[in-house]
Number of protein chains: 2
Amino acid sequence: MNVAIVGVGLIGGSIAITLKEKKVATKFVGVDKSEGNLKKAIQLGLVDEGMTIEEALDQCDVIFLTIPVDAILTLLPSLLDRVTNQVIIDMGSTKERILAQVADHPKRGRLVAAHPMAGTEYSGPEAAVPNLFNDKMMVYVDAMDSDEDAFETVEAITEQLGMRTTFMNAHEHDVHTAYVSHISHITSFALALTVLEKEKSQGRIFELAGSGFESTVRLAKSSPDMWTPIFRQNRDNVLEVLQEHIKQLQHLKDVLDNEDYDTFYKLIKKSNKIRKILK
Amino acid sequence: MNVAIVGVGLIGGSIAITLKEKKVATKFVGVDKSEGNLKKAIQLGLVDEGMTIEEALDQCDVIFLTIPVDAILTLLPSLLDRVTNQVIIDMGSTKERILAQVADHPKRGRLVAAHPMAGTEYSGPEAAVPNLFNDKMMVYVDAMDSDEDAFETVEAITEQLGMRTTFMNAHEHDVHTAYVSHISHITSFALALTVLEKEKSQGRIFELAGSGFESTVRLAKSSPDMWTPIFRQNRDNVLEVLQEHIKQLQHLKDVLDNEDYDTFYKLIKKSNKIRKILK
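Scoring rules and cut-offs
- Residues numbered from 1 in each chain as written.
- Chains lettered and ligands numbered in written order.
- Predicted model: local features only at pLDDT ≥ 70, side-chain atom pairs only at ≥ 80, totals over all residues.
- Heavy atoms only, no water.
- Buried < 20%, exposed > 50% of the residue type's maximum accessible area, 1.4 Å probe, protein only.
- Helix = DSSP H or I, 4+ residues; strand = E, 2+ residues; numbered from the N terminus.
- Right-handed = clockwise from strand over helix to strand, strands pointing away.
- Pairing = 2+ DSSP bridges.
- Contact = heavy atoms within 4.5 Å.
- Buried area = accessible area lost by both parts, 1.4 Å probe.
- Salt bridge = Lys/Arg side-chain N within 4 Å of Asp/Glu carboxyl O.
- Polar contact = N/O pair within 3.5 Å; in protein donor to acceptor, adjacent residues only side chain to side chain.
- Patch = residues over 30% accessible without salt bridge, like charges linked within 9 Å, V, L, I, M, F, W, Y side chains within 5 Å.
- Areas by Shrake-Rupley, 256 points an atom, 1.4 Å probe, with all protein chains shown as cover.
- Lys, Arg positive; Asp, Glu negative; His and termini not counted.
- Charge placed at Lys NZ, Arg CZ, Asp CG, Glu CD.
- 1 Å grid on protein atoms, 1.4 Å probe; cavity = no way out; pocket = protein on both sides within 12 Å on 5 of 7 lines; lining within 4 Å.
- Points joined across faces, edges and corners; volume = space filled by probe spheres on them.
- Core = buried A, V, L, I, M, F, W, Y, C linked by side-chain atoms within 4.5 Å.

- You'll find chain A entered in an unreviewed UniProt entry as Prephenate dehydrogenase, with Parapedobacter koreensis given as the organism.

**Overview of the pairing of strand β2 (residues 27–31) of chain A**
All names here are of chain A.
- Here β2 lies mainly inside the structure; four of its five residues are buried.
- Assessed by its sense of winding, the connection that carries the chain from strand β1 (residues 2–6) through helix α1 (residues 10–21) to β2 is right-handed.
- Relative to strand β3 (residues 49–50), β2 runs parallel, the two sharing two bridges. Pairing of V29 across the sheet is with E49, part of β3.

**Some words on the interface of chain B and chain A**
- Taken together, the contact between chain B and chain A spans 90 residues of the former and 90 residues of the latter.
- Summed over both sides, the interface between chain B and chain A buries roughly 9000 Å², with carbon and sulfur atoms accounting for 68% of that surface.
- Considering only the surface of chain B that becomes buried against chain A, V180, L193 and L208 of chain B emerge as the three largest contributors, covering 8% of it.
- Between chain B and chain A we count six salt bridges in total.
- Across the salt bridge formed by R235 of chain A and E259 of chain B, the nearest N and O atoms sit 3.9 Å from each other.
- For the interface between chain B and chain A, the tally reads 24 residue pairs in polar contact (both at pLDDT 80 or more).
- Here the element with the most residues in the side of chain B that touches chain A is helix α7 (residues 170–201) of chain B; it accounts for 22 residues.

**Quick word on the pairing of strand β6 (residues 111–117) of chain A**
Residue and element names in this part refer to chain A.
- In terms of residue burial, β6 counts as a mostly covered element, since seven of its seven residues are buried.
- Neither face of β6 is open: one carries L111, A113, H115 and M117, the other V112, A114 and P116, and all of them are buried.
- Where strand β5 (residues 87–90) meets β6, three bridges bridge the pair, whose relative direction is parallel. Of the residues in β6, the one forming a bridge with I89 is V112.
- For the handedness criterion, the β-α-β arrangement of β5, helix α5 (residues 96–101) and β6 is classed as right-handed.
- Pairing analysis gives five bridges linking β6 to strand β7 (residues 137–141), with the strands arranged antiparallel. Its bridge partner lying in β7, P116 is registered against M138.

**Considerations on a negative patch on the surface**
- Together, E148, E152, E155 and E159 of chain A make up a region of like negative charge exposed at the surface.
- The class of E148 of chain A is exposed, set by a relative accessible area of 63%.

**Thoughts on empty space enclosed by the protein**
- In total, this model carries one cavity of 30 Å³ or more according to the counting rule given.
- Around the largest cavity sit K198 of chain A together with V175, A178, Y179, N237 and E240 of chain B, which together line it.
- Sorting the residues of the lining of the largest cavity by element identifies α7 and α10 (235–257) of chain B as the ones contributing at least two each.
- Ranked by the residues each element gives to the lining of the largest cavity, the list is headed by α7 of chain B, at three residues.

**Focus on the nonpolar core**
- Judged by nonpolar contacts, the single largest core of 136 residues is most densely connected at I88 and I274 of chain A together with I88 and I274 of chain B.
- When neighbours within four sequence positions are excluded, I88 of chain A is seen to be in contact with L57, I63, L65, L76, L79, L80, V83, R110, L111 and V112 of chain A.

In structure tokens form, the structure reads like this:
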């Protein structure tokens, strides 16, 4: 089996490392619009050689799309036009718009939409690590729209990646990720902007930054190239959760403003219920 | 040297473990208003025996106050009334109100105000761990108001804890902690409340929760007993940073609402500058 990784960054590179270790494929082909990234991915041994996307599609059995979601949206129709029996795996973080666009494509069955709930705040081929996916959740989206053999191929790969699996439709997926992934990023961006603003007037502010601060702002290191298209495609859901989040913050602020510490205590206590979710 | 730990929880217990390992004291005395906590602390070997706070003050050379900041505010004047040559270390997370209250006390010199920038989201004696303080920052606050020998005693202990040190006045300290610690907690509380609210209508939401989500909400596990008094005492500074944070979130929301993705991209890029702060 030949495997193509379109976008040799954190996700694509980590897939390649892990599948190489498991000897899942005979050849790994890298595709990247950045020649520097591609060169680095070959140097790092993530992929064996570089190709254009057309060459890769023609010569490989499985094609992973691990590029920003706007690029997936643009690229996918022409890839499906060219596909015969290969399997294309869309690994983007948003699904509704991408899948709507190819819903009626005659080759829709060759596409498997999956979202690995794994990542770090880093990007690029150097950020690729083995075991990134181990014990993480792979979300299959609208799996019924994929051909059975295409889905089975991806299922076997997901197993090699050591992942757990779940199934959702595209709308559910985009709503859920807005709540448990996209909003966390917006919060971190806003928090970083808040303290960076303050630092201008109070230079020493970060001297005291501890692990709590680090944990809440680390996502603010995330790549704008990857995240702007995600927010664009999941705009409506993100706006809804963002509005609710601002409402909760404003409520905490009002309670503090009114020195209503009993209510403040109860709100913290209520938020503690998150313990049942987190390990 | 006999050391008293008033409040045998995460911080107090971790100090005891670390100093025991270094054989800094001959005896560790525990004081806690919860008999259960005290019993557990003795069982866990964090302290050798339990006492009332008056007994502990009379029989120990160094007294750590590792209790919620409202309890420190209430307790401190009477402790200073009783003190002779012992050293009292206030380890609270807020300083301005506590230190203002004892500013004119004739025994003010026996008090050293210090804030270890270390912790986890857990509490109680079971949460105590060795090396919690290793390479973390100890902030000495208004150190000039402490007697020289008292300060030197604390400095020697801080060194045994393996900490780095810095100096600030009480006002600076409270402003800075509002920005790099207290706001992170409010953000996490609000985020937890937001998603817990949504879960009621969309049961499966947490199935997709990954490490990014976990990292931004983990502080929402924090104890309301510890944190409500912190927000009470640092209310003005926290309100200021909270207002700025809501403004930043609202700005991101407006930009997304207007589909101004160029500006959205630039804001993420700007927030990326946090990289220079975090490792």
